[in-house]
Amino acid sequence: MKTRFAAALSMLVGAALGGAAIQVLHAQAKPPVYMIAINELSDPDGYAKEYVSPAQKTVKDHGGEYLAAGPGTQIAGNLPHGPVVILR
């Protein structure tokens, strides 16, 4: 009787610990968010002088990362023409 009780108790405790560990692991997982921006510009000089530096600083201050930035190459479709930025 003691052996069956010990085995049942150890299985119950193991299941509870496993469930708690899974919850902790799921709570820590934060998948990255990606943003793709195609900026159609009416004032390219103002964009370069007044917008780019503060925007880069804000992204980096909040843990973001620039993956790509530049003029981009349109392959197909009808998209705006302007700088393309990809952030994570």
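See above for the structure.
About the thresholds
Residues numbered from 1 in each chain as written. Predicted model: local features only at pLDDT ≥ 70, side-chain atom pairs only at ≥ 80, totals over all residues. Heavy atoms only, no water. Phe/Tyr/Trp six-rings, centres within 6.5 Å; stacked < 30°, edge-to-face > 60°. Helix = DSSP H or I, 4+ residues; strand = E, 2+ residues; numbered from the N terminus. Buried < 20%, exposed > 50% of the residue type's maximum accessible area, 1.4 Å probe, protein only. Pairing = 2+ DSSP bridges.

A. Layout of the packing of aromatic side chains. Evaluated as defined, the whole model comprises 1 aromatic pair. Summarising the aromatic geometry, the rings of Tyr47 and Tyr51 are spaced 5.4 Å apart at their centres and angled 25° between planes, so their arrangement reads as stacked. With Tyr47 and Tyr51 both in helix α2 (residues 44-61), this residue pair falls 4 residues apart, about one helical turn. A relative accessible area of 17% means that Tyr47 is categorised as buried.

B. Highlighting the pairing of strand β3 (residues 84-87). Burial along β3 is one-sided: Val85 and Leu87 are buried, while Val84 and Ile86, pointing the other way, are not. One ladder, built from 4 bridges, connects strand β1 (residues 35-38) with β3; its direction is antiparallel. Note on β3: the bridge partner recorded for Ile38 is Val84. In terms of strand pairing, strand β2 (residues 66-70) meets β3 through 4 bridges, oriented antiparallel. Its bridge partner lying in β3, Ala69 is registered against Val85.

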